[in-house]
Amino acid sequence: MPSVGSEAAKLDLLINQGADFSFELQLTDSDDVVVALAGSTFLGHIRRSKSNPGVIETLSGVVNLSTNKVAFFLSNVQTSAISAGDSISDSASKYVYDIEWTKPGGIKVRILEGVVTVSREVTR
């Protein structure tokens, strides 16, 4: 679980092309206390590289106020549209992403970032 601070937490993701993909976050402060997310929004992008202007896919977070967790989801249709090389070590299978949290007052904080690796599907 990422901790709210000055530097984004690092988390690499593996997406299986053609399958539904999801992950869930719960934010904590420096005292390991769960942060209330009422009025917050979360948005992320997957791109080929940090400097590439083209968005490959968007990660929109859905906040569950009863658990104070945020969930991100890509459907199998979305993951099928992300190209991949023949192996996960192939550069064609590598992307980058980050997630920004917009707090209720409008302040944006990058909370999570990393590499996205896409594993090519065989069954299509």
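Residues numbered from 1 in each chain as written. Predicted model: local features only at pLDDT ≥ 70, side-chain atom pairs only at ≥ 80, totals over all residues. Heavy atoms only, no water.

A closer look at the overall build of the protein chain
Thought 1: Helices and strands together make up the secondary structure of the protein chain, namely one helix and eight strands.
Thought 2: Its helices and strands taken in sequence order, the protein chain reads β-β-β-β-β-β-α-β-β from the N to the C terminus.
Thought 3: Relative to the globule expectation of 14 Å for 124 residues, the C-alpha radius of gyration of the protein chain, 15 Å, shows essentially globular dimensions.
Thought 4: When the backbone C-alpha atoms are referred to their principal axes, the protein chain occupies close to 45 × 30 × 25 Å.
Thought 5: Put simply, 63% of the contacts in the protein chain that link residues at least 6 apart link residues at least 24 apart. (Helix = DSSP H or I, 4+ residues; strand = E, 2+ residues; numbered from the N terminus. Rg over C-alpha atoms; globule rule 2.2 N^0.38 Å. Contact = heavy atoms within 4.5 Å.)

Some details on the layout of surface pockets
Thought 1: When its volume is computed, the largest pocket comes out at roughly 210 Å³.
Thought 2: In this structure, the largest pocket is lined by Leu-43, Gly-44, His-45, Arg-47, Ser-49, Lys-50, Val-96, Tyr-97, Asp-98, Glu-100, Arg-110 and Glu-113.
Thought 3: Contributing elements (two or more residues each) for the lining of the largest pocket: strand E4 (41-47), strand E7 (94-102) and strand E8 (108-119).
Thought 4: Within the lining of the largest pocket, the residues separate by chemical class into three nonpolar, three polar and six charged. (1 Å grid on protein atoms, 1.4 Å probe; cavity = no way out; pocket = protein on both sides within 12 Å on 5 of 7 lines; lining within 4 Å. Points joined across faces, edges and corners; volume = space filled by probe spheres on them. Nonpolar A, V, L, I, M, F, W, Y, C, P; charged D, E, K, R; others polar.)

A word on the nonpolar core
Thought 1: Counting residues in each nonpolar core, the largest one holds 25 residues, and the members touching the most others are Phe-42, Ile-99 and Ile-111.
Thought 2: Elements represented by at least two residues in this core include exactly strand E2 (13-16), strand E3 (21-25), E4, strand E6 (69-74), E7 and E8.
Thought 3: Examining the composition of this core, we find that five residues originate from one element, E8, more than from any other.
Thought 4: The residues touching Ile-99, leaving out its near neighbours within four places in the chain, are Phe-23, Phe-42, Leu-43, Gly-44, Leu-59, Phe-72, Val-109, Arg-110, Ile-111 and Leu-112. (Core = buried A, V, L, I, M, F, W, Y, C linked by side-chain atoms within 4.5 Å. Buried < 20%, exposed > 50% of the residue type's maximum accessible area, 1.4 Å probe, protein only.)

Considerations on the packing of aromatic side chains
Thought 1: Taken as a whole and assessed by the stated rule, the structure comprises three aromatic pairs.
Thought 2: Ring centres of Phe-21 and Phe-23 lie 5.8 Å apart, and the angle between their planes is 55°; on these two criteria the pair is classed as tilted. Just as Phe-21 is buried, Phe-23 falls in that class too.
Thought 3: Ring plane angle 5° and centroid distance 6.0 Å describe the contact between Phe-42 and Trp-101, whose orientation is recorded as stacked. In this pair, Phe-42 sits in strand E4 while Trp-101 sits in strand E7, placing the two residues 59 residues apart along the sequence. For the pair formed by Phe-42 and Trp-101, the shared burial category is buried. (Phe/Tyr/Trp six-rings, centres within 6.5 Å; stacked < 30°, edge-to-face > 60°.)

Quick word on the pattern of salt bridges
Thought 1: Tallying each qualifying case throughout the model produces six salt bridges.
Thought 2: Among the ionic pairs, Glu-24 bridges to Lys-69, the shortest N-O distance being 3.8 Å. One end of the pair, Glu-24, is in strand E3; the other, Lys-69, is in strand E6, and 45 residues separate them in sequence.
Thought 3: The salt bridge involving Arg-110 is made with Glu-113; its shortest N-O contact spans 2.6 Å.
Thought 4: Given the relative accessible area of 40%, Arg-110 is considered partly exposed.
Thought 5: Looking at Glu-113, the relative accessible area reads 10%, which means it is buried. (Salt bridge = Lys/Arg side-chain N within 4 Å of Asp/Glu carboxyl O.)

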